[in-house]
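Fold and contact review
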Amino acid sequence: MKKLKNWDNQTWLSSENYIYQFNKFLNKRVRLNKNTKILDIGCGRANIISTLQKRYKFREKPIGLDIMKNKGIKKNIIFKKIDGYNYLKNKNSKYDLILLKQTVHFFSSSKLKVLINIAKKRLERGGKILIFTLKTTNNKIPCFKKMRQKLDSSLKRDEKLFKIIEKKLKRTNVTFFNFKVNISKHKYLKMVKSRYISCLLDLSNYEISKGISELQSKYNTQIKFTDTLKCIAYKK
Ligand SMILES: C[S@@+](CC[C@H](N)C(=O)[O-])C[C@H]1O[C@@H](n2cnc3c(N)ncnc32)[C@H](O)[C@@H]1O
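In short, a report on the structure. Just so you know, these numbers come straight off a predicted model, no measurement behind them.

1. Quick word on the site of the ligand
Taken together, 20 residues form the shell around the ligand, and within it G42, G44, G84, K101 and F106 come nearest. Every element with two or more residues in the shell around the ligand is listed here: β2 (63-66) and α3 (84-90).

2. Some thoughts on the packing of helix α4 (residues 109-121) against helix α5 (residues 145-169)
Contact geometry for α4 and α5: axes closest at 10 Å, N-to-C directions at 30 degrees. In terms of their interaxial angle, α4 and α5 are classed as roughly parallel. Note on packing geometry: the crossing formed by α4 with α5 is right-handed. Contact residues: S109, L112, K113, I116 and N117 in α4; K160, L161, I164, I165, K168 and L169 in α5. Residue composition of the contact of α4 with α5, by class: 6 nonpolar, 2 polar and 3 charged.

3. A look at the packing of helix α1 (residues 16-29) against helix α2 (residues 47-56)
Their axes nearest at 10 Å, the elements α1 and α2 cross at an angle of 70 degrees. What the angle tells us is that α1 and α2 run roughly perpendicular. Across the interface between the two elements, I19, F22 and N23 of α1 pack against N47, I48, T51 and L52 of α2. Residue composition of the contact of α1 with α2, by class: 4 nonpolar, 3 polar and no charged.

About the criteria used
- Residues numbered from 1 in each chain as written.
- Predicted model: local features only at pLDDT ≥ 70, side-chain atom pairs only at ≥ 80, totals over all residues.
- Near = placed C-beta within 6 Å.
- Helix = DSSP H or I, 4+ residues; strand = E, 2+ residues; numbered from the N terminus.
- Axes fitted to C-alpha atoms, helices over the stretch in contact; angles between N-to-C directions.
- Parallel < 35°, antiparallel > 145°, perpendicular 65-115°, else oblique.
- Left-handed = near helix turned anticlockwise from the far one by under 90°.
- Contact = placed C-beta atoms within 7 Å.
- Nonpolar A, V, L, I, M, F, W, Y, C, P; charged D, E, K, R; others polar.

If you want it as structure tokens, here you go:
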């Protein structure tokens, strides 16, 4: 799969409100305090852990891993440009929270199995793994026809990955994070053009511009929908 470059860059995903709502959701699932040690695998620009660091001033700065070094990575966390799997395999440190937000679909089934096994071992007693993925049924992300086909097939694969995750973690708790998006069509089309979501990465320029015309006529000036993430939580 090609690498994702434009994730959360000036989209609702990087908005203060999104990060605030997301961290509020997180807070209800994990008891955070100064001593909490956090590892974020596939952190992107690290907006989430950076905001948590500002609020909790953790004694050990959260660590964010990503295979891409995006522009504007937050400075108040420790960022490492590395494959999450390799990092976990080669480091014995333990964490109270291992976060995988919208990242597991980048792993092959076999790598994911091993990743989950090691992540379990790298948890402190009472520590949590939180895995967030797009909701697979009735997903509301605005799509053109080809994009919907790609998204649906990626969501089908996600369902297979859930089975692996649930088999490996056994006792899990599933909840959903809902965020109400209200975005101008102009801005959303720019996001599509910059291939903000992985189901757009393999489309040709022609398919993208055809899709943009399709979205142009399908939506009014403002696009409203709910962005829903499934959260799989495991406690050691
Ligand atoms: C959809 S983005 C999510 C970013 C961030 N978690 C968030 O929600 O804002 C997925 C991220 O996972 C990263 N990624 C993909 N494969 C990875 C791997 N093997 N190890 C670490 N990061 C990876 C991508 O580069 C990308 O930045």
